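Next come the chains, spelled out residue by residue.
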Amino acid sequence: MYQSRPHDEGLCVVDFGSQYTRLIARKLRENHIYCEIFPPSKDSPRFSYTIKGVVLSGGPDSVASDLASPLPSWVLNLGVPVLGICYGMQLLVKHFGGVIHSGVSREYGRASITYENRFMVDNLVTANSPVARIWQGLSQNHTVWMSHGDHIAQLPPVSVQSGGFEVVGRTARTIAACASCDGKVIGLQYHPEVKHTEGGSQLLSNFARHVCGVASLWQPNSMLDTLTKALQAQVLSGEKILVACSGGVDSTVTLVLLTQIFGKDRVQGVFVNTGLLRLDDAHKMAKIAEELCLSVHQIPAESLFYQKLAGVSHPEEKRKIIGATFVDVFTQFALERKTQFSYLAQGTLYSDVIESGDGGTGPQVIKTHHNVGGLPERLPFKILEPLRFLFKDEVRMLGAELGIDREILWQHPFPGPGLGVRIAGEVTEQRVKILQQADQIYIDFLKEKNIYHEIWQAFCVLLPVKSVGVMGDERTYEWVVSLRAVNSTDAMTAMVANIQMADLTTVAEKIISTVQGVNRVLYDITTKPPATIEWE
Ligand code: XMP
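Residues numbered from 1 in each chain as written. Predicted model: local features only at pLDDT ≥ 70, side-chain atom pairs only at ≥ 80, totals over all residues. Heavy atoms only, no water.

Draft legend 1. Quick peek at the nonpolar core. Formed by 110 residues in total, the largest nonpolar core has its most connected members in Leu11, Tyr115, Trp135, Tyr190 and Ile241. No other element matches helix H6 (residues 249-262), which puts 8 residues into this core. In terms of nonpolar packing, the next biggest core, distinct from the first, is built from 54 residues, Leu419, Ile434, Tyr452 and Val521 among them. (Core = buried A, V, L, I, M, F, W, Y, C linked by side-chain atoms within 4.5 Å. Buried < 20%, exposed > 50% of the residue type's maximum accessible area, 1.4 Å probe, protein only. Helix = DSSP H or I, 4+ residues; strand = E, 2+ residues; numbered from the N terminus.)

Okay, structure coming up:
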């Protein structure tokens, strides 16, 4: 397994199960602070970069419960500054002898914080006191985002360990910000990682730079050199690499990176045509390979996938069949060549690692995500995952450095199970063809209108419903297509994209007049939550 980290120093984020943990890591990295997420394990993780500070996330537990995750002893033993957010703060306060109560002062959503007058100069929090260093530059009152049932009833007393704590800011209901007298243990009842908290990003940056003293800044656009050296040190001369690729951003960047380092003769891309791809995906992959001088072998497996999916309509069952069939096809190809290749490379991203539970306690599983990152380790290859520590936007920056075209790097996300989860109900070759054509019309329209890149993800969904229509003088009874377009930053939440009604009507007309078998088009106006982005 490829384990070299792309940076030398940074922060450690401890995940107590908050839905926002990933946002903490994202916000730090946006501020050029390298960090990784770790579970609150009893034993200290083996860090491969220097930890300059720790951030404790929020979480669903109450510190009053016997079942609550405790504060691991290694956190304070590291001897570096610690920032506790929400549940993380309550754990710290309790640890140092303070009192946490449940109920009464709970707050959800927007609240206004006021910092204590003694920390203010010219209406801004000043850095004069170490206690308030992390808040420096923030205005005396601002909006924060709250989500808590428990609150601080009493701060920890003065002790040798902490020197005592001070209140730094309050909302109308509770102590919202506190710190130990040396400013090294800091507690926030609010969530600085959430967009709605004004100054949250600056606060996290202040913590890393001014409290923890992180000096070596993470520059994702200069990581090519680091990755190249690490990969050259790992892959021995003459060893060959198979790369699972789909034409998407992550696997294309992986393939190009490895080909640029080791050459086309040692790096072989493998593209499985599942028959669940968009209309010109296979052709697009061949074009990318030609333009970027890559070696890519295509395996046509459409009929096998359709055969396995016949008669199946339950979303999870379809996902499992698609995942397993993909693995079978790829495995068979790879095993036939096992004497030639030493490594199997995949475009696994840091968000995949976190979601699979490797990085933290992980959120609840809503859907079993399948992508090429799901290949079994039982294959007789060593695994290479060069993007394992990068977020999507960092991969795009790396891709730009490698000279990959913007059209490829900024394409909308496409799920591993492909159109299989966009055809609600049974997947058949005929229904795939209908959806492929409708989707192509929709996406081409968005590109022509120059709005494709303003939208985070857009696609068509084929519903398992027929409706009555009238075309010419004839009654029709045909399938229904739903258009989806959402804006998001991390796919965890999504807003409906605001496409003009006239444009939607034009797309509907184009689809109905071109695609045989469709007589009605809908626009999905549901946000995530409560819906998910994909329909299945
Ligand atoms: P949902 O539907 O869960 O999707 O809101 C969030 C994002 O993930 C994509 N997605 C997948 N990506 N394998 C993937 O690689 C999958 O199985 C999968 N399912 C959903 C989806 O397109 C959206 O961008």
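Draft legend 2. The sheet that holds strand S14 (residues 296-300), seen in detail. Strand order in the open sheet formed by 5 strands is S14-S13-S12-S15-S16, with parallel pairing between adjacent strands. At either margin of the open sheet sits one strand with a lone partner, and together these are S14 and strand S16 (382-384). Taken over all neighbouring pairs, the strand axes of this sheet differ in orientation by 25 degrees on average, direction set aside. As defined by bridge partners, strand S13 (residues 267-273) adjoins S14 across 5 bridges and the pair is classed as parallel. When the bridges of S14 are listed, glycine 269 appears paired with valine 296. (Pairing = 2+ DSSP bridges. Axes fitted to C-alpha atoms, helices over the stretch in contact; angles between N-to-C directions.)

Draft legend 3. Looking closely at the pairing of strand S18 (residues 474-487). Bridge count for strand S17 (residues 457-471) against S18 is 12 bridges, and the pairing is antiparallel. Counted as the bridge partner of valine 468 is tyrosine 477 from S18. With antiparallel pairing between neighbouring strands as the criterion, S17 and S18 make up a hairpin whose turn holds 2 residues, including glycine 472 at a positive phi of roughly 65 degrees. The pairing of S18 with strand S20 (residues 518-523) spans 5 bridges and is classified as parallel.

Draft legend 4. Examining unusual backbone geometry more closely. The amide bond that connects lysine 528 to the next residue, proline 529, takes the cis arrangement and shows omega of -15 degrees. Summarising the element assignment, proline 529 is placed in the segment after S20. Of note, the bond from proline 529 into proline 530 is cis; its omega dihedral lies within 30 degrees of zero at 10 degrees. Its place among the elements puts proline 530 in the segment after S20. If you check the backbone angles, aspartate 122 has positive phi at about 50 degrees while not being a glycine.

Draft legend 5. A look at the packing of aromatic side chains. Enumeration according to the criterion identifies 10 aromatic pairs in this entry. Seen in terms of ring centroids, phenylalanine 326 and phenylalanine 330 are 6.3 Å apart; in terms of plane orientation they differ by 15 degrees. Their pairing is stacked. One end of the pair is phenylalanine 326 and the other is phenylalanine 330, both in helix H9 (residues 315-336) and 4 residues apart, which spans about a single turn. The residues phenylalanine 326 and phenylalanine 330 share a single accessibility class, namely buried. Taken together, the aromatic side chains of Tyr34, Tyr49 and Trp218 make up a single cluster linked through ring pairs. (Phe/Tyr/Trp six-rings, centres within 6.5 Å; stacked < 30°, edge-to-face > 60°.)

Draft legend 6. Region of the structure containing the sheet that holds strand S3 (residues 50-56). Strand order in the open sheet made by the 9 strands is S2-S1-S3-S4-S11-S10-S9-S5-S8, with mixed pairing throughout. Both outer strands of the open sheet, strand S2 (35-38) and strand S8 (141-154), are each paired with one neighbouring strand and no more. Geometrically, the sheet is characterised by an average inter-axis angle of 25 degrees between neighbouring strands, direction not taken into account. Pairing geometry for strand S10 (residues 175-180) and strand S11 (residues 185-188), over 3 bridges, is antiparallel. Counterpart to cysteine 178 in the pairing with S11 is glycine 187. The strands touched by helix H3 (residues 87-95) are S3, strand S4 (82-85), strand S5 (99-115), S8, S10 and S11; relative to S4, the strand with the most contacts, the crossing angle is about 120 degrees. (Contact = heavy atoms within 4.5 Å.)

Draft legend 7. Region of the structure containing the environment of phenylalanine 333. Turning to its location among the elements, phenylalanine 333 is positioned in helix H9. Classification of phenylalanine 333 as buried rests on a relative accessible area of 7%. When the C-alpha positions of phenylalanine 333 and leucine 344 are compared, they lie 12 Å apart, and in sequence the two are 11 residues distant.

Draft legend 8. The arrangement of H6 in detail. Counted at 1.5 Å a residue, the expected span for H6 with its 14 residues is 20 Å, and the 20 Å between its end C-alpha atoms agrees. Phi turns positive one or two residues past the end of H6, at glycine 263, with a value near 90 degrees. (Expected span 1.5 Å × (residues − 1).)

Draft legend 9. Summary view of the environment of glutamate 429. Along the chain, glutamate 429 falls in helix H13 (residues 429-448). The exposure class of glutamate 429 is partly exposed, given its relative accessible area of 42%. Distance in space between the C-alpha atoms of glutamate 429 and alanine 310 is 9.6 Å, their sequence separation being 119 residues.

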